[in-house]
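# Observations on chain architecture
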Amino acid sequence: IHLAGIVTDDLADLNKALSYEVNVTATQGLLGMAKISGTSRFLYASSSSVYGTTLEDATEDMQPMPTTFYAETKLAAERAVIFANRPEFVTTAVRCATCAGPAPRMRLDTIVNVFSKKAFYDPFINVHDGSQWRSNIHVKDAAEFYIDLLDRPVAEIGGEVFNITGENHSAEDIAGTVAEVAKRWLHKEVEVRLDKTLRDERQYRMSYAKARALLGWEPKRSM
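Now for a description of the structure that goes with this document. (Residues numbered from 1 in each chain as written. Predicted model: local features only at pLDDT ≥ 70, side-chain atom pairs only at ≥ 80, totals over all residues. Heavy atoms only, no water.)

Moving on: the overall build of the chain. Summing up its helical and strand segments, the chain has 8 helices and 8 strands in all. Scaling as 2.2 N^0.38, a compact globule of 223 residues should have a C-alpha radius of gyration of about 17 Å, and the chain matches this with 18 Å. Projected onto its principal axes, the C-alpha positions of the chain cover 55 × 40 × 35 Å. Burial analysis of the chain (223 residues in total) assigns 44% to the buried set. Total accessible area on the chain stands at roughly 11700 Å², and carbon and sulfur atoms take up 56% of it. Computing the positive centroid from 26 side-chain charges and the negative centroid from 30, the chain places the two 3 Å apart. (Helix = DSSP H or I, 4+ residues; strand = E, 2+ residues; numbered from the N terminus. Rg over C-alpha atoms; globule rule 2.2 N^0.38 Å. Buried < 20%, exposed > 50% of the residue type's maximum accessible area, 1.4 Å probe, protein only. Areas by Shrake-Rupley, 256 points an atom, 1.4 Å probe, with all protein chains shown as cover. Lys, Arg positive; Asp, Glu negative; His and termini not counted. Charge placed at Lys NZ, Arg CZ, Asp CG, Glu CD.)

Here it is as structure tokens:
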């Protein structure tokens, strides 16, 4: 299960040569090493970012339109992974929504987590204009999906790409939910502050209809 990479648009842009080497060239090298070592299954963590900006729920048959260098590297690596699929060497790519939830090395730069951090430490959550859409999945749902793929029949997953997501929400709705949870569990009033002068043009929405139809998969946890 290949999860390693330099992630987020900002980090990838800091050193594009290194990001390409880690995200694309190293993935190609891992594919070759896996084949030589007799590995029979290679699962790759792609990203919802390959779709670019979309106001409709992205499906796997849509043409990817990456708008950032990070997204370009994820798509290039994904294509190498799918191209390597063979009956004796099964490859699958997972276009995962943004993960949310606790972890030993918890990321605090993703939307649900960063809003939660703000609600815990501050009496307010700053949001841009709030209209931008984001697709999120609980990290445990994502982990369980990869584990499930390890035992799936080859015919179901060989050479396939799957979206996985839990929910699509606007940033304003996400902040509102975090504020409600803070009130319920922290007994704390948290104000959601919208700044209509700041607009994030990135819009991410996803559909997991394919995973549901072919694999019977459903997310178990809400934001």
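Following the structure, the description resumes.
A few words now on the pairing of strand S1 (residues 41–47). For S1, the tally of buried residues reaches 7 of 7 residues, placing the bulk of the element in the interior. Because side chains alternate across S1, one face comprises the buried residues Arg41, Leu43, Ala45 and Ser47, and the other comprises Phe42, Tyr44 and Ser46, equally buried. In the classification by handedness, the crossover that spans S1, the intervening helix H3 (residues 69–83) and the parallel strand S2 (residues 90–96) is right-handed. (Right-handed = clockwise from strand over helix to strand, strands pointing away.)

Before going further, it helps to spend a moment on the side chain of arginine 205. Topologically, arginine 205 is positioned in the loop between strand S8 (191–194) and helix H8 (209–215). The class of arginine 205 is buried, set by a relative accessible area of 16%. In contact with arginine 205, other than residues within four places in its own chain, are Thr54, Leu55, Glu56, Asp57, Ala58, Trp133, Ser135 and Asn168. (Contact = heavy atoms within 4.5 Å.)

Before going further, it helps to spend a moment on the pattern of salt bridges. Using the criterion set out here, one finds 13 salt bridges in the structure. Where arginine 221 meets glutamate 144, a salt bridge forms, and the shortest distance between an N and an O atom there is 2.9 Å. Residue arginine 221 is located in the segment after H8, and its partner glutamate 144 is located in helix H5 (residues 139–149); the two are separated by 77 residues in the primary sequence. Assessed through its relative accessible area of 30%, glutamate 144 is described here as partly exposed. A salt bridge links lysine 210 to glutamate 160, with the shortest nitrogen-to-oxygen separation between them at 2.7 Å. Of this pair, lysine 210 sits in helix H8 while glutamate 160 sits in strand S6 (residues 160–164), and the two are 50 residues apart along the sequence. (Salt bridge = Lys/Arg side-chain N within 4 Å of Asp/Glu carboxyl O.)

Moving on to the nonpolar core. In terms of nonpolar packing, the biggest core is built from 23 residues, with Val94, Ile137, Phe145, Leu149, Ile164 and Trp217 touching the most fellow members. When contributions to this core are tallied by element, the ones reaching two or more residues are S1, S2, H5, S6 and H8. With 4 residues, the top contributor of residues to this core is H5. (Core = buried A, V, L, I, M, F, W, Y, C linked by side-chain atoms within 4.5 Å.)

Overall, mixed pairing links the 3 strands, which are arranged S3-S5-S7 in an open sheet. Both edges of this open sheet fall to strand S3 (98–100) and strand S7 (167–170), since each of them pairs with a single strand only. Put simply, the sheet's adjacent strands are angled 45° from each other on average, direction ignored. Docked against the sheet, H5 engages S3 and strand S5 (133–138), running at close to 65° with respect to S5. Of the strands in this sheet, S5 and S7 are in contact with helix H7 (residues 171–186), which crosses S7 at around 100°. (Pairing = 2+ DSSP bridges. Axes fitted to C-alpha atoms, helices over the stretch in contact; angles between N-to-C directions.)

Strand order in the open sheet formed by 3 strands is S1-S2-S6, with parallel pairing between adjacent strands. For this open sheet the edge positions go to S1 and S6, each flanked by a neighbour on one side alone. Ignoring which end each strand starts from, the neighbouring axes of this sheet average 25° apart. Both S2 and S6 contribute to a ladder of 5 bridges, which runs parallel. Opposite alanine 93, over in S6, you have valine 161 as the bridge partner.

This paragraph deals with the packing of aromatic side chains. Applying the stated criterion across every chain, the model contains 5 aromatic pairs. Relative to tyrosine 121, the ring of phenylalanine 120 lies with its centre 5.1 Å away and its plane at 80°, an arrangement referred to as edge-to-face. Ring centres of tyrosine 208 and tryptophan 217 lie 5.3 Å apart, and the angle between their planes is 85°; on these two criteria the pair is classed as edge-to-face. Using a relative accessible area of 15% as the deciding quantity, one classes tyrosine 208 as buried. An aromatic cluster of at least three residues, connected via ring pairs, comprises Phe145, Phe162, Tyr208 and Trp217. Against the face of phenylalanine 124 rests arginine 193, its NZ or CZ located 4.0 Å from the ring centre. The side chain of lysine 210 reaches across the aromatic face of phenylalanine 162, ending 5.0 Å from its centre. (Phe/Tyr/Trp six-rings, centres within 6.5 Å; stacked < 30°, edge-to-face > 60°. Lys NZ or Arg CZ within 6 Å of the ring centre and 35° of its normal.)

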